Amino acid sequence: MSGRFLNATAGVMLALGAAGIFSPARAERLIVSVSNHRVTVTPNYSGEELVLFGSVEKDASTPATRNNYDLVVTVMGPRADMVTRRKEHKFGIWINTDYREFLQVPTYLALFSNRPFDAIASADVERRQQLGLNNVLLTQRVGTDYADVVPNDAFRSAFVRLRGEHGLYREETSAVTFLTPTLFRTGIPLPAEVPIGTYTVEIKLFSDGALVTRTETAFDIVKVGFEQFVATSARQDGLLYGAFTAFMALMTGWMASIVFRKD
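Okay, so let's go over this structure. Since the structure is predicted, the reported quantities are computational estimates derived from the model, not experimental observations. (Residues numbered from 1 in each chain as written. Predicted model: local features only at pLDDT ≥ 70, side-chain atom pairs only at ≥ 80, totals over all residues. Heavy atoms only, no water.)

### Some thoughts on a nonpolar patch on the surface
- Residues F247, M248, M251 and W254 make up a contiguous nonpolar surface patch of about 410 Å² in total accessible area.
- Along the chain, the position of F247 falls in helix 6 (residues 238-259).
- Judged by relative accessible area, which is 48%, F247 ranks as partly exposed. (Patch = residues over 30% accessible without salt bridge, like charges linked within 9 Å, V, L, I, M, F, W, Y side chains within 5 Å. Areas by Shrake-Rupley, 256 points an atom, 1.4 Å probe, with all protein chains shown as cover. Salt bridge = Lys/Arg side-chain N within 4 Å of Asp/Glu carboxyl O. Helix = DSSP H or I, 4+ residues; strand = E, 2+ residues; numbered from the N terminus. Buried < 20%, exposed > 50% of the residue type's maximum accessible area, 1.4 Å probe, protein only.)

Here it is as C-alpha cells:
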C-alpha cells in the first residue's frame, strides 16, 4: 500500500513539474526599469533619450566567485514591411533596377552592451542569441522564398546602413555602464523621426560566455494633439480621412486661386 502511495506521489510530483508548477530556481534575476514608459511626440519633438537602469539580484545559490557579468540590451520598435531598392545610372538618369522586400522587421532596432559582442560570447552564442546587427534576423522575400541572408548581402547591408543614417538602427558596444558589480545603466536614444508604437526592451545577462538570465520591459511612443487625430482617423476610418484630405486640397487650391488672381 505504501509503495503504491509513494509511486502515486512521485507521479503527481512529476506531472506538476512537467506542467511548470515547480520551476528550477535561478541563481540571478534582473530588476530593470526605464525612465519613461510613455513618450509623447508633439509637433516640435526633436528627439529624446530614455535611461534604462537596473540591478542583478543574487540569491543563495549564486556561485560566490561569479562577479564578472556582461549585459546586452536589445530595443525593438513596432514591426513593418519595408522595401530597399537598387538604383543605377542609365541614360543620364537614376532608375530603380531591383528591390528587396523585408518582412515584418523592426522599424527601430538598437543593441547596446558593456563590451564588444565577440568578447562576451562565442560566435555560435552570438548567432543563437542574435547579438549585434549582423546576427539579428531580418526576413526577406527573395523570389518565392522567405529567408534571412548573409550579413554582407548588398540589399541587407544597404537596408541596415540607410536605417542607421536616420538613427533608427544602431549598435554600441560600450553603451552599458556597470556602476557597481551589480548595478547598471544605459541610454536609449530616440531620434526625431522615431516610429510610433510599442517598443520592447530585452535585457540579457551573460557570465563567462554563457547566458545566465534575461528579462523584458517596454515603453510606448504616442502622438498627441492634431497629429494624433490625423493618424487615428487615417487608421480607423480611411474612407472619411481620404474624403476630408481631398476636400482640404480642393479648398487650398480654391483659396490660392483667389489670393493670386489677377484682376
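The discussion continues.
### Here we look at the pattern of salt bridges
- On inspection of all chains with the given rule, the structure shows 11 salt bridges.
- In this structure, the salt-bridge partner of R100 is D153, at a minimum N-O distance of 3.5 Å. Of this pair, R100 sits in strand 6 (residues 93-106) while D153 sits in the loop between strand 9 (145-147) and helix 4 (154-165), and the two are 53 residues apart along the sequence.
- According to the relative accessible area criterion, R100 is buried, its value standing at 13%.
- Notably, a salt bridge pairs R127 with D124, separated by 3.9 Å at the nearest N-O pair. With a gap of three residues between them, R127 and D124 both fall in helix 3 (residues 123-129), about one helical turn apart.
- By relative accessible area, D124 is classed as partly exposed at 41%.

### Some details on the side chain of K204
- Tracing the sequence through the fold places K204 in strand 13 (residues 197-207).
- A distance of 2.7 Å separates a polar atom in the side chain of K204 from the backbone oxygen of Q129.
- Excluding residues within four positions of it along the chain, K204 makes contact with D70, L71, V72, Q129, L211, T213 and R214. (Polar contact = N/O pair within 3.5 Å; in protein donor to acceptor, adjacent residues only side chain to side chain. Contact = heavy atoms within 4.5 Å.)

### Let's talk about the sheet that holds strand 4 (residues 69-76)
- With mixed pairing, the six strands of this open sheet are ordered in space as 2-14-13-4-7-10. Among the strands making up the open sheet, the edge pair consists of strand 2 (38-41) and strand 10 (169-172). The sheet shows a mean angle of 15° between the axes of neighbouring strands, taken without regard to direction.
- Bridge analysis of strand 4 against strand 7 (residues 109-113) gives five bridges, and the strand direction is antiparallel. Considered in strand 7, the bridge of T74 is made with L111. (Pairing = 2+ DSSP bridges. Axes fitted to C-alpha atoms, helices over the stretch in contact; angles between N-to-C directions.)

### Points about the nonpolar core
- V73, V75, Y169, I188, L190 and F219 are the most contacted members of the largest nonpolar core, which totals 47 residues.
- With six residues, the single largest contributor to this core is strand 4. (Core = buried A, V, L, I, M, F, W, Y, C linked by side-chain atoms within 4.5 Å.)

### Looking at the pairing of strand 4
- Most of strand 4 is tucked away, with eight of its eight residues classed as buried.
- Note that strand 4 and strand 13 share eight bridges and pair antiparallel. Looking across to strand 13, one finds that Y69 is bridged to S207.

### Observations concerning helix 4
- Over its 12 residues, helix 4 runs 16 Å from end to end, which matches the ideal 16 Å to within 8%, given 1.5 Å per residue.
- Every buried residue of helix 4 is accounted for by F155, R156, A158, F159, V160 and R163.
- Where helix 4 begins, the side chain of D153 points an oxygen toward the backbone nitrogen of F155, at a separation of 3.2 Å. (Expected span 1.5 Å × (residues − 1).)

### Let's talk about the environment of A27
- Looking at where A27 falls in the secondary structure, it is placed in the loop between helix 1 (2-18) and strand 1 (28-34).
- Separated by 185 residues in the primary sequence, A27 and V212 place their C-alpha atoms 8.3 Å from one another.
- Ignoring anything within four residues of it in the chain, the contact list for A27 reads E57, K58, D59, S61, T62, P63 and R66.

### Observations regarding the sheet that holds strand 3 (residues 48-58)
- With antiparallel pairing, the four strands of this open sheet are ordered in space as 1-3-12-11. Only two strands of the sheet have a single partner each, and these edge strands are strand 1 and strand 11 (177-178).
- One ladder, built from two bridges, connects strand 11 with strand 12 (residues 183-190); its direction is antiparallel. Note on strand 12: the bridge partner recorded for T177 is R185.

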